[in-house]
Amino acid sequence: MTSGVDSYQCDCTRTGFYGQNCTTPELLTWIKLSLKPTPDTVHYILTHFKAMWGIINSIPFLRDAIMKYVLTSRSHLIDSPPTYNVHYDYKSWEAYSNLSYYTRALPPVPDDCPTPLGMKGKKELPASQDVVEKVLLRRKFIPDPQGTNMMFAFFAQHFTHQFFKTDHKRGPAFTKGLGHGVDLNHVYGETLERQHKLRLFKDGKMKYQIIDGEMYPPTVGETQAAMIYPPHVPEHLRFAVGQELFGMVPGLMMYATIWLREHNRVCDVLRQEHPEWGDEQLFQTSRLILIGETIKIVIEDYVQHLSGYNFKLKFDPELLFRQQFQYQNRIASEFNTLYHWHPLLPDSFLIDGQEYSYQQFLYNNSVLLRHGLTRFVESFSSQIAGRVAGGRNVAPAVQKVAQASIDQSREMRYQSFNEYRKRFMLKPYRSFEELTGEKEMASELEALYGDIDAMELYPALLVEKPRPDAIFGETMVELGAPFSLKGLMGNPICSPEYWKPSTFGGEVGFRIVNTASLQSLICHNVKGCPLTAFSVQDAAPPKAVTINASTSHSGLDDLNPTVLIKERSTEL
């Protein structure tokens, strides 16, 4: 904090450091830091020695102990309760209580600093367009060496749109996602009014329509739930779901349709188990079950894939019950910014052997109906996504979006990339060449920014040298993982009062949560149970499945997903 006009004081309380700038470690801190392996060393250990990890994964108490460490070491890096926002670089009740703001991991750069990033760099930042064109824009598609596919890319987009909901009318520091976490408002709507427009008010279910024997979302005309569609989209293709943006691309509507089917399927299961329950209890309990399914899939499938770890991650809220842990969460603007993974997107979309350009794909739900969910899942499971780190892989079609990310970061006065590395216990880079791992791009960045300590957060995340055979660089993982795991495990359903069978309608509902996976979600809700994962699968296409002529309320054929998954265990 400031101390007079030309001085300041640093508060080192409970930091483990002392000195004028809280940079000198106390003895215990020095010992811990000396013994602690670097993030790259930890990553190497976790992504190698497969036989050793196979043994550890099979021993429950060892797996639990490591998973507990993963959760606590990451989540403790996130301030809870929240501390700053774009208008307050000091503790205030407004910064804590005003949910319409994104919170901040680091306070904004003060207005009166000599340079935009504080003390280092040029007096003016380079034009955001120049940054995008020189170091971010794709020259040639660079596939992800981890084999990340388009099922992952669209899952990331659809999942995060429930809590990354910037209120553009008020500015990039504000959010419309007031739940600040996994509440599935992209399925049920952000407001009660929107939720009611989407609900059937019978048996707990959401409204739907049957097209060619399968369940799809209702239309805007049927629900009066506002969606964002351009004027040329026909009324019968204006599907209405919880997130008003999901009509933008069929990949998002694919997941919206899957979750609609899953909600109504779970309602059928609960109604059979609890014939005494009314519509409201069936709806509310089904929503809790789907929240649990989502968190389990995100940790055990989505984060597992991203990490590349041979250690098998586990969703088990009981691991934290004896820990100091707060079951609340606020979404940080930096988390929103780092999640703009535009390099994932390909140059075009390949569905069932047909290629679609961005112009053909945007706001075109007819593509989803033409090919159907089964072909969509099969196609996106086999189309590889782009590598995020390493630079020069942002698709030209989303160039303006990447540029907007930089402009909005500047409007919120983010501190430099190196300051964020220090905030998350990483060593700051000493040069642009150390950041990128090569000379040519490093030279471009030096010409643009002048000083490595003036490098902006978002461009740096995309140009940072990737870890070997990985989709991300070190900083993306070390910043993103704490935000992600704190948000997931800080959900109310993970608390001791909620995490019990009765919350989910008894053992049947609890079992749905505890056995959830991406593959089971697809098998329960997509004809033929197509083989899927978040990485490109080399296995042969699934054999044809005998279809029962009778259909349930879900609009799907009466399949047995458990049997189908077991039959394909060797392929998976």
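Residues numbered from 1 in each chain as written. Predicted model: local features only at pLDDT ≥ 70, side-chain atom pairs only at ≥ 80, totals over all residues. Heavy atoms only, no water.

Overview of the overall build of the protein
For clarity, the threshold we go by: A run of H or I in DSSP becomes a helix once it reaches four residues, and a run of E becomes a strand once it reaches two; helices and strands are each numbered from the N terminus. Radius of gyration means the value over C-alpha atoms here, while the globule rule gives 2.2 Å times the residue count to the 0.38 power. Categorising residues by exposure relies on relative accessible area from a 1.4 Å probe, with only protein chains included: less than 20% of the type maximum marks a residue as buried, more than 50% marks it as exposed, and the intermediate range marks it as partly exposed. Contact between two residues is taken to exist if any of their heavy atoms lie within 4.5 Å; hydrogens are not considered. Using the Shrake-Rupley algorithm and a 1.4 Å probe, accessible areas are obtained, with residue cover drawn only from the displayed protein chains. When charges are counted, Lys and Arg contribute as positive and Asp and Glu as negative, whereas His and the chain ends are disregarded. Each charge is placed at NZ for Lys, CZ for Arg, CG for Asp and CD for Glu.
Scanning the protein for helices and strands turns up 24 helices and six strands. For the protein, the C-alpha radius of gyration of 24 Å lies close to 25 Å, the compact-globule estimate for 572 residues. With respect to the principal axes defined by its C-alpha atoms, the protein has extents near 75 × 50 × 50 Å. Buried residues in the protein amount to 55% of all 572 residues. Summarising the internal contacts of the protein: among those between residues at least 6 apart in sequence, 71% fall at separations of at least 24. As displayed, the protein has an accessible area near 25600 Å², and 54% of this comes from carbon and sulfur atoms. Of the side chains in the protein, 58 bear a positive and 63 a negative charge, and the two mean positions are spaced by 2 Å.

Notes on a nonpolar patch on the surface
Rules: The patches reported here contain residues having more than 30% relative accessible area and no salt bridge. Joining distances are 9 Å for like charges and 5 Å for nonpolar side chains (Val, Leu, Ile, Met, Phe, Trp, Tyr). Definition used for salt bridges: Asp or Glu carboxyl oxygen within 4 Å of a side-chain nitrogen of Lys or Arg.
Among the surface-exposed residues, Leu27, Trp30, Ile31 and Leu35 lie close enough to one another that they form a single nonpolar patch of about 480 Å² accessible area. The exposed category is assigned to Leu35, whose relative accessible area is 68%.

Here we look at the pattern of salt bridges
The final tally for this structure, using the stated rule, is 30 salt bridges. For Lys314, the salt bridge identified is with Asp64, shortest N-O distance 2.7 Å. Of the two residues, Lys314 is situated in the loop between α12 (279-307) and α13 (333-338) and Asp64 in helix α4 (residues 60-75); the sequence distance between them amounts to 250 residues. Among the ionic pairs, Arg413 bridges to Asp111, the shortest N-O distance being 3.3 Å. On the criterion of sequence distance, the pair formed by Arg413 in the loop between α16 (399-411) and α17 (417-423) and Asp111 in the loop between α5 (93-97) and α6 (128-136) is long-range, its members being 302 residues apart.

A short note on the environment of Ser58
We apply this condition: Whenever two N or O atoms come within 3.5 Å, that pair is a polar contact, provided that in protein one can donate a hydrogen and the other can accept it, and provided that, for residues adjacent in sequence, both atoms are side-chain atoms.
Mapped onto the elements, Ser58 comes out in the loop between α3 (50-57) and α4. We classify Ser58 as exposed; its relative accessible area is 53%. Between the C-alpha atom of Ser58 and that of Lys312, which follows or precedes it by 254 residues, the distance is 9.4 Å. At 2.6 Å, the side chain of Ser58 forms a polar contact with the backbone oxygen of Ile55.

Describing empty space enclosed by the protein
To be explicit about the condition: Think of a 1 Å grid over the protein atoms and nothing else: a 1.4 Å probe that fits but is trapped marks a cavity, an open set flanked by protein within 12 Å on at least five of seven lines marks a pocket, and residues with an atom within 4 Å of a point count as lining. Grid points are joined across faces, edges and corners, and a volume is the space filled by probe spheres set on the points. In this classification, the charged set is Asp, Glu, Lys and Arg, the nonpolar set is Ala, Val, Leu, Ile, Met, Phe, Trp, Tyr, Cys and Pro, and all remaining amino acids, among them Gly, are polar.
For the structure shown, the criterion picks out three cavities of 30 Å³ or more. Computed from the structure, the largest cavity encloses a volume of approximately 120 Å³. What lines the largest cavity is a set of 16 residues, among which Ile78, Asp79, Pro82, Thr103 and Arg330 lie closest to the centre. Residue composition of the lining of the largest cavity, grouped by class: six nonpolar, five polar and five charged.

Thoughts on the confidence of the model for the protein
Under the convention used in this document: Scored between 0 and 100, pLDDT is the confidence that the predictor attaches to each residue.
For the protein, the average pLDDT comes to 93, and 94% of its residues sit at 70 or higher. Low pLDDT, under 50, characterises residues 539-572; the predicted model gives this stretch 56 contacts beyond four residues in sequence or across chains.

Re the packing of α6 against helix α19 (residues 440-449)
The test is simple: Fitted lines through C-alpha atoms give the axes, limited to the stretch in contact for helices. The angle between two N-to-C directions lies from 0 to 180 degrees. Under this scheme an angle from 65 to 115 degrees is roughly perpendicular, one under 35 degrees roughly parallel, and one over 145 degrees roughly antiparallel; angles in between are oblique.
Between α6 and α19, the least distance of the axes is 10 Å, while the angle of their chain directions is 170°. In terms of axis orientation, α6 runs roughly antiparallel to α19. Residue-level contacts link Asp130, Val131, Lys134 and Val135 of α6 to Met441, Glu444, Leu445, Leu448 and Tyr449 of α19. Of the residues assigned to the contact of α6 with α19, the class counts are six nonpolar, no polar and three charged.

Here's the deal with helix α23 (residues 518-525)
With respect to burial, α23 is a largely interior element, seven of its eight residues being buried. Considered for burial, the residues of α23 that qualify are Leu518, Gln519, Ser520, Leu521, Ile522, Cys523 and Asn525.

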